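Topology and contacts: notes
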Amino acid sequence: MVLNFFKRKSDGFKIVSVEEAKNLMEMKKDMVLIDVRTEKENKFEGNIDGAILIDFLKLNHFKKELEKLDKEVPYLVFCAIGGRSKAAAALMTKMGFNEVYDMAGGIKAWQKENGKNI
């Protein structure tokens, strides 16, 4: 199955569905998942195994943490439903990250397709 990952572009990053995100995670073994929700949301709503939590609402901290990351590896960004992750993906692109994907629908869409326990 060939997916068109580049069909939906926004500000230099790609918006992908949950299915496309899962396929990307399988194909790109070096992909880094970034959860941009708050620590409270992460704790109570669950997470995707292996994701790094960097709270986008703490913008200065978020930018400092991004500066520590390799801009050459692929990143999949997600939040609760897709709003903050889109803003985070746009910021990452502006900061020079080369391959950024925003998961449409966020953790809620992921859980709907994959179950609550992650």
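What this report covers is the structure whose coordinates are included nearby.

About the criteria used
- Residues numbered from 1 in each chain as written.
- Predicted model: local features only at pLDDT ≥ 70, side-chain atom pairs only at ≥ 80, totals over all residues.
- Heavy atoms only, no water.
- Pairing = 2+ DSSP bridges.
- Helix = DSSP H or I, 4+ residues; strand = E, 2+ residues; numbered from the N terminus.
- Phe/Tyr/Trp six-rings, centres within 6.5 Å; stacked < 30°, edge-to-face > 60°.
- Buried < 20%, exposed > 50% of the residue type's maximum accessible area, 1.4 Å probe, protein only.
- Lys NZ or Arg CZ within 6 Å of the ring centre and 35° of its normal.

It is worth spelling out the pairing of strand 3 (residues 32-35) at this point. The pairing of strand 3 with strand 5 (residues 75-78) spans four bridges and is classified as parallel. Looking at strand 5, one finds that Asp 35 is bridged to Phe 78. In this structure, strand 3 lies alongside strand 4 (residues 52-53), joined through two bridges in parallel fashion. The residue of strand 4 that forms the bridge with Asp 35 is Leu 53.

Once that is clear, we can look at the packing of aromatic side chains. For the structure on display, the rule yields two aromatic pairs. Between Phe 56 and Phe 62, the aromatic rings sit 5.1 Å apart at their centres with planes inclined by 85°, giving edge-to-face as the arrangement. Pair check on accessibility: Phe 56 and Phe 62 agree, each one buried. A centroid spacing of 5.3 Å and a plane angle of 85° characterise the contact between Tyr 75 and Phe 97, whose relative ring orientation is edge-to-face. Taken together, the residues Tyr 75 in strand 5 and Phe 97 in the loop between helix 4 (83-94) and strand 6 (100-103) connect sequence positions 22 residues apart. Phe 97 carries the same exposure label as Tyr 75, and that label is buried. One Lys or Arg, Lys 14, reaches over the ring of Tyr 101 and ends 5.5 Å from the middle of that ring. Stacked on the ring of Phe 97, the Lys or Arg Lys 71 has its end atom at 5.8 Å from the ring centre.

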